[in-house]
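Given next are the chains, with one letter for each unit.
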Amino acid sequence: MLTIKNLHASIEEDGTEILKGLDLTVNAGEVHAIMGPNGSGKSTLASVLAGREDYEVTEGSIDFDGEDLLEMETDERAREGLFLAFQYPVELPGVSMSNFLKQAVNSVREHRGEEPLSAGDFLKLMKEKAALVHLDPSLKTRSVNEGFSGGEKKRNEIFQLAMLDPKLAILDETDSGLDIDALRIVADGVNDLRGEDRAFVVITHYQRLLDYIVPDFVHVLVDGKIVMSGGKELALELEEKGYDWIKADTGQAV
Amino acid sequence: MQIEQKLLNEINARLERQDANGGNGWASTRRLAAGAFKDMGLPTRRSEAYKYTPVAKRFTDNLSLENEAGTVQATRALEQLDGIHLSTTNGLLDSVPAHLPSGLTISSLVDAYQGNRVFVNDHLSRAFVAERDAFSSLAAAAAEDGILIHVAANTAVDQTIVIHHDNVSSSGLVQPRLLVVADKGASVQIIEHFGHAGASSAFENRIAEMMVADGGSIDHVLIFERSEEATFVNGLHVYQEGSSHYATNTITLGGGMVRNNLHFLPDGEECETHLNGLYIARGSQHIDNHTFVDHAKPNCESNELFKGIVADTATGVFNGKILVRQDSQKINAYQSSKSILLDRSASIYAKPELEIYADDVRCSHGATTGELDEDALFYLRARGIPAEKARLLLLEAFARDVVDLIKEGSVRDYLYARLHAILEAHAS
Ligand SMILES: Nc1ncnc2c1ncn2[C@@H]1O[C@H](COP(=O)(O)OP(=O)(O)OP(=O)(O)O)[C@@H](O)[C@H]1O
Ligand SMILES: [Mg+2]
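These figures come from a predicted structure and were not determined experimentally. (Residues numbered from 1 in each chain as written. Chains lettered and ligands numbered in written order. Predicted model: local features only at pLDDT ≥ 70, side-chain atom pairs only at ≥ 80, totals over all residues. Heavy atoms only, no water.)

## Looking at the confidence of the model for chain B
Keep this limit in mind: The pLDDT value tells you how sure the predictor is about a given residue, anywhere from 0 up to 100.
Here chain B averages 94 in pLDDT, while 99% of its residues score no lower than 70. On the interface metric, ipTM, the complex scores 0.96, and its pTM is 0.93.

## Re the coordination of the magnesium ion (ligand 2)
Residue and element names in this part refer to chain A. Just so we agree on the cut-off: Coordination shells were defined by N, O and S atoms within 2.8 Å of each metal, extended to 3.2 Å for Na, K and Ca; water is absent from the atom set, which can make sites look incomplete. Counting from the N terminus, the helices are the DSSP runs of H or I reaching at least four residues and the strands are the DSSP runs of E reaching at least two. Working definition: with a 1.4 Å probe on protein chains only, accessible area under 20% of the residue-type maximum means buried, over 50% means exposed, and in between means partly exposed.
All of the protein donors around the magnesium ion (ligand 2) are S43 (OG) and Q87 (OE1); their distances to the metal are 2.0 to 2.3 Å. With S43 in helix α1 (residues 42–50) and Q87 in the loop between β6 (82–85) and β7 (92–96), this residue pair connects regions lying 44 residues apart in the sequence. Given a relative accessible area of 26%, S43 falls into the partly exposed group.

## Digging into the site of ligand 1
Residue and element names in this part refer to chain A. To keep it simple, the criterion reads: Any residue with at least one heavy atom within 4 Å of a molecule or strand is counted as near it. N or O atoms within 3.5 Å of each other form a polar contact, as long as, within protein, one can give a hydrogen and the other can take it, and as long as residues adjacent in sequence are counted only when both atoms are side-chain atoms. Areas reported here follow the Shrake-Rupley algorithm with a probe of radius 1.4 Å; residue values treat only the protein chains shown as occluding. When residue character is reported, Ala, Val, Leu, Ile, Met, Phe, Trp, Tyr, Cys and Pro are called nonpolar, Asp, Glu, Lys and Arg charged, and the others, Gly included, polar.
For ligand 1, the set of nearby residues contains 14 residues, the closest of which are K42, S43, T44, Y55 and H205. Contact distances for ligand 1 include 2.9 Å between an oxygen atom and a side-chain N or O atom of N38. With respect to ligand 1, the side chain of Y55 contributes an N or O atom lying 2.6 Å from a nitrogen atom. Within the complex, 64% of the 630 Å² of free accessible area of ligand 1 lies under protein. With three residues, α1 is the single largest residue contributor to the shell around ligand 1. Here the shell around ligand 1 is built from residues that sort into four nonpolar, eight polar and two charged.

## Examining the domain arrangement of chain B
All names here are of chain B. In plain terms, the rule: All domain edges in this entry derive from an automatic or database-based domain assignment. Two residues form a contact once any of their heavy atoms are found within 4.5 Å. Summed over both partners, the accessible surface that disappears when two parts come together, traced with a 1.4 Å probe, is what is meant by buried area. Salt bridge criterion: a side-chain nitrogen from Lys or Arg within 4 Å of a carboxyl oxygen from Asp or Glu.
Segmentation of chain B into domains returns domain 1 (2–267) and domain 2 (374–428). One C-alpha centre belongs to domain 1, the other to domain 2; they are set 32 Å apart. Contact with domain 1, which involves 15 residues of that partner, is made by twelve residues of domain 2. Contact between domain 1 and domain 2 buries roughly 1100 Å² in total, counting both sides, with carbon and sulfur atoms accounting for 66%. Three residues stand out in domain 1 for area buried against domain 2, namely E225, N249 and L253, and they jointly supply 34% of the buried area on that side. Where domain 1 meets domain 2, there are two salt bridges. For D219, the salt bridge goes to K407, with nearest N and O atoms at 2.8 Å. Linking domain 1 with domain 2 are four residue pairs in polar contact (both at pLDDT 80 or more). Sorting the residues of the side of domain 1 that touches domain 2 by element identifies β9 (187–194), β11 (217–224) and β13 (245–252) as the ones contributing at least two each. Partitioned by chemical class, the residues of the side of domain 1 that touches domain 2 number eight nonpolar, five polar and two charged.

## Points about the pattern of salt bridges
Taken as a whole and assessed by the stated rule, the structure comprises 34 salt bridges over all chains. With a closest N to O distance of 3.3 Å, K129(A) and E128(A) form a salt bridge. Each of E73(A), D75(A), R79(A) and R381(B) takes part in one network of salt bridges that share partners.

## Remarks on the pairing of strand β10 (residues 203–212) of chain B
Residues and elements named next belong to chain B. Under the convention used in this document: Think of it this way: DSSP has to see at least two bridges between two strands before they count as a pair.
Burial of β10 is extensive: ten of the ten residues sit out of reach of the surface. Two elements, strand β7 (residues 173–174) and β10, share two bridges in a ladder whose sense is parallel. Each residue of the ladder has a partner; that of L173, found in β10, is F203. Inspection of the sheet shows strand β8 (residues 177–182) paired to β10 by six bridges, in the parallel sense. Each residue of the ladder has a partner; that of A182, found in β10, is V212.

What follows is the structure in structure tokens.
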């Protein structure tokens, strides 16, 4: 589904290279966890995948379901089925949740050659998906993320994920800032959305999330590269030992 | 011959004609205003208050009070609104409505003057200082007539008064006068609509005075949608007695050059003043909002929110002056102005001007000018919404913020639709 080869990306503004030859292959149905120290480039990878213009890809390729992802605009990527749950969801004062979601859902549907949802069906879908992450129904009448608590913002990301039904979902630290109950709710929501046709890339600092969302693979991102990959037990090892031993093993500066 | 002198000659000729016809005292108020205008003259490039808005330039030599060119009918809106609908030609009533709720008077200003000189004289020029505002003085000098809306004490007019400024000269100067008086404990809502009037290139220079007595309330909305040929100087002068409430929402979507001179004098304690405005300037439009709140008495609150979107080669100007006089303690005055520039060729000049002489006050002001928020745009696009639609969503949200402060739902809906139509063209 997603094949990243030798990806190099720099900050557009000053040319600083953040991703320095990253390789990653994700197949349909799989869940990949990406861990790594602060500032190693995890969010940058997520941003580059989503098409953020602050970064320039200087080398390498990204294939998404047989298409060149780098040739697509941000909104095209989303309509093609790539979803990014933001580490820091953006507040949109004056843009109501329902209007926002209606436009998002219908843009995706139109792209798939489907009719726009009727008002009734749309409300039904909203209700069903909000329940998945226990999102208070009254939030739907509010402006997107405005005044939402940290936890509500994160649950709102998973709610949107469920509404948009993507092929590939990238969760950037969706667990940070969640209390233990909310963590379980979010994880249950994600598990509910797991399926043969859908893949997940879960960026996290904590092994705890991976107790709930059990990954097929765990990768360690250090200084813009994936330096080690393994099964779910790698997460446990990292939790125990930190990142220093990897630095020593791979000769990477952390 | 200077344009000022030419206009004064025209005004004097008219006043003499009126005197010769038996005259009426109305002429004397006009003579006073004419004298003030004569002393001031039109603002020049050097006058600070008009630095960015050379509206005097629009006083071309052939501009005249004598409009023989006929009138143009403006596009009507807000008809479905359940209210008292008035229509005007050059700012004067086409007809006086037959059935009005008790306590509400609507009439020609001159008729009212002849009927009760003391009343009109007592309420004219409460907030308006002729020596300080050349445009309003000129309008007051030239106004052959105007409109009076008077709400008697303790009367709550529950139907909104909608003034459709339907007919306007196809060219020339149009200078009407409007006086609104809410007596003690009275309340009224007034909506003025200046619809799109095709090729009319009229220069509408109006003076509007609103006076709210103790415990009274006036809610005012003005929507200006004339064409790019049109010039508008909107002199609004508000006078408030104690414990009164006044709110205006000035929505400027049209006009080639527009200057809103909005003056507020809360001259009693416990007054509430809300001044909100929105403008969208596109093409080569020039829209200027100059506001002045004169906190002359303690224990009052003013809230000000102005927003603008400026595109193409258009210009937006905002100047918000708040004066808190020395003995006006316990004033809460909030001001916020926000504007979005859509094109590099567009310009915005925004300036808050706080003059505070009292020490126990809470004042805040913030002015931001920028482009659309890139993070917000990215977030919307990351959900599949195409770039143009995402921009439109954000622009509409920005502008609706002001419209949302309007009480009347059907007016909000009308403006939402207008904003959508106008902004759609600027979201790509
Ligand atoms: N737009 C930008 N401008 C400047 N520096 C940037 C930008 N984006 C990323 N960086 C820098 O690139 C590095 C990688 O940042 P990134 O956000 O990808 O790290 P991360 O692995 O997600 O870290 P964390 O675990 O703290 O979220 C950091 O040093 C960061 O400051
Ligand atoms: Mg990060």
